[in-house]
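# Report on the structure
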Amino acid sequence: MGLDVGDKTIGVAISDSMLLTAQSRPTIKRTRPDADINLLQKLAEENEVHEIVVGEPLHMDGRQSPQSQKIARFAKKLHQVTRIPVVFWDERLTSFAAEQHLEELGLSWRKRRDHVDKIAAMLILQGYLDRKRPL
């Protein structure tokens, strides 16, 4: 499962059973951290998730940002509740790439805003799956 964790939403993607492709899922509107984590735990159980890939929002020079520290705390709690290994994946430019993709599809900025988080999660997970796949 791939996650693009933001302050207001969480983009979610799930891989196929062969770990080849990432498919987006509906974006989660954040409420409370405990409720968000419980919902993610339920999704993980329903989809037989064995690993969670969380996008890490680094500065362009690779340094951690205040947001990446916030995401790290969330990911730690997620791991404590789900007992599923959590892996961080560099998400620099994934939201930009998602926005570009949606613009190329001809979506208005309002519709792009509704889809960008789940597409970013899909790009995060797909990048991880591609890197993990043996050559």
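Computed from a predicted model, the values in this text were never measured in an experiment.

### Overview of unusual backbone geometry
For L19, which is not glycine, the phi dihedral falls at a positive 60°. If you trace the backbone, L19 turns up in the loop between β2 (9–15) and β3 (22–29). Accessibility expressed as a relative area gives 46% for L19, which makes it partly exposed. For R83, which is not a glycine, the phi torsion comes out positive at approximately 65°.

### As for the pairing of β2
For a regular strand, side-chain orientation follows a simple rule: the groups alternate between the two sheet faces. Burial runs high along β2: 7 of the 7 residues are buried. Every second residue of β2 is oriented toward a common face, with T9, G11, A13 and S15 on one face and I10, V12 and I14 on the other, all of them buried. Looking at chain direction, β2 and β3 are connected through 6 bridges and run antiparallel. Note on β3: the bridge partner recorded for S15 is A22. With antiparallel pairing between neighbouring strands as the criterion, β2 and β3 make up a hairpin whose turn holds 6 residues, including L19 at a positive phi of roughly 60°.

Rules of the game
Residues numbered from 1 in each chain as written. Predicted model: local features only at pLDDT ≥ 70, side-chain atom pairs only at ≥ 80, totals over all residues. Heavy atoms only, no water. Helix = DSSP H or I, 4+ residues; strand = E, 2+ residues; numbered from the N terminus. Buried < 20%, exposed > 50% of the residue type's maximum accessible area, 1.4 Å probe, protein only. Pairing = 2+ DSSP bridges.

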